[in-house]
Amino acid sequence: MAMTVGGADEYNSEINVTPMVDVMLVLLIIFMIVTPLLQQGVSVNLPKEMNSPDEDPDIAKDTSVIVAIPDNSNFYIGKEPYPLDTLGEKINRLMENKTPDKRIVYIKSGIEVDYGTVVNAVNEIRKQDIDKIGLVADKKKGAPAQPQ
Amino acid sequence: MGMSSGGSKGATPNINVTPLIDVLLVLLIIFMVITPSKPTRFEAKVPAEPKPDQQQADIKPNPLTLVVTVNKSDSKIFLNKEKELGDISDTKPLSDELSRLFKEREANGSFREGTNEVEKTVFIKSPRSVKYGDVVKIIDAVKLAGASPVGLQIDDLSE
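Predicted, not measured: the structure shown is a model, and the values here were computed from it.

1. As for the interface of chain A and chain B
In many analyses, interface size is given as the accessible surface area lost on bringing the parts together.
Thought 1: Contact residues are listed per partner, giving 40 residues for chain A and 32 residues for chain B.
Thought 2: Of all the secondary structure elements, the ones that give two or more residues to the side of chain A that touches chain B are helix H1 (18–38), strand E1 (54–55), strand E5 (104–109), helix H3 (115–126) and strand E6 (132–136) of chain A.
Thought 3: Among the elements that make up the side of chain A that touches chain B, the one with the highest residue count is H3 of chain A (seven residues).
Thought 4: Taken together, the residues of the side of chain A that touches chain B sort by class into 22 nonpolar, seven polar and eleven charged.
Thought 5: Pairing of E6 of chain A with strand E1 (residues 40–45) of chain B involves five bridges; the strand directions are antiparallel. Residue Ile133 of chain A lies in a different strand from E1 of chain B, and its bridge partner there is Ala44 of chain B.

Pasting the structure below:
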């Protein structure tokens, strides 16, 4: 396998990039496959760089109810759009079997959405006897954990 | 490619594990990067819907409850409608003032009625036309000061 360039005792000074390319391609393919799978529901421009939100692994669970508000006129639960007047009914159905301490509805709203739109959704939620809502926001990296 | 065992030119049966390790390390790194992005949220309470038969006069207003309001025209933040504490672009005065208030209450023993916990309830009242992102910034500032629970006022909001 030795490549003889010029003299018989000279070493080959080229870097072999084939393994690196292999690894990069594998990375690329993994990300291409994983990225669409990771996303649940619709994409929303969440508030970022917040100092003090609490971690809540329940948000990622399939059983939790998440209302997504990407813009001023649409409300989504999962990937399905619901108009404001049927939102409450749907939430009520999803919340039926939950224990009182699990009765929390998460809201994923875009930062450009008017607060009034969010309030309208919250108003529908509280009509279902739910008094706890979770406003989903991204935590700033490296921000200290807040004592509960 | 015949493998001659025993002879002096016998090939040593080593598996080259380097590519395997490469791929596994990459996988490890990917999972290390993905896992820490745990979802986070602010918990907020919303008052129950006012019932038509409920007598409004029966509810005694709590003198210790704090309300943070936002002015629509100039984005200024007010605490209990009297004290101006910066605006939406800088929420530090708000968190500082709230932390100071909570410390003061701790020192004075201003407890929630019937308990021995310091009253740290803060309500947020914002006009409907304010951007949601700005309201979340205020919630962040209030939470940073140690307020719990944070309540959102839903009724009677101005445009």
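Moving on, there is more to tell.
2. Quick look at the confidence of the model for chain B
Residues and elements named next belong to chain B.
Thought 1: Looking at chain B as a whole, the pLDDT averages 78, with 82% of positions reaching at least 70.
Thought 2: Note on residues 1–6: pLDDT under 50 across the span, and four contacts to partners over four residues away in sequence or across chains.
Thought 3: Scored as a whole, the predicted complex attains pTM 0.73, and scored at its interfaces, ipTM 0.71.

3. Section: the nonpolar core
Thought 1: Of all hydrophobic cores here, the largest spans 52 residues; its most connected members are Val105 and Ile107 of chain A together with Ile124, Ile139 and Val142 of chain B.
Thought 2: With eight residues, helix H3 (residues 132–144) of chain B is the single largest residue contributor to this core.
Thought 3: Apart from residues lying up to four places away in sequence, Ile139 of chain B is in contact with Leu135 of chain A together with Phe42, Ala44, Ile124 and Val150 of chain B.

4. Points about H3 of chain B
Residues and elements named next belong to chain B.
Thought 1: Helix length check: H3, at 13 residues, gives a terminal C-alpha distance of 18 Å against a target of 18 Å (1.5 Å per residue), a fit within 8%.
Thought 2: Within H3, twelve of the 13 residues are buried, which leaves it mostly tucked inside the rest of the structure.
Thought 3: Turning to H3, its buried residues number three or more, namely Tyr132, Asp134, Val135, Val136, Lys137, Ile138, Ile139, Asp140, Ala141, Val142, Lys143 and Leu144.
Thought 4: Positive backbone phi, approximately 100°, marks Gly146, located one or two places after H3.

Basis of the calculations
Residues numbered from 1 in each chain as written. Chains lettered and ligands numbered in written order. Predicted model: local features only at pLDDT ≥ 70, side-chain atom pairs only at ≥ 80, totals over all residues. Contact = placed C-beta atoms within 7 Å. Helix = DSSP H or I, 4+ residues; strand = E, 2+ residues; numbered from the N terminus. Nonpolar A, V, L, I, M, F, W, Y, C, P; charged D, E, K, R; others polar. Pairing = 2+ DSSP bridges. pLDDT = per-residue confidence, 0-100. Core = buried A, V, L, I, M, F, W, Y, C linked by C-beta atoms within 7 Å. Buried ≥ 20, exposed ≤ 12 C-beta atoms within 10 Å, placed from the backbone. Expected span 1.5 Å × (residues − 1).

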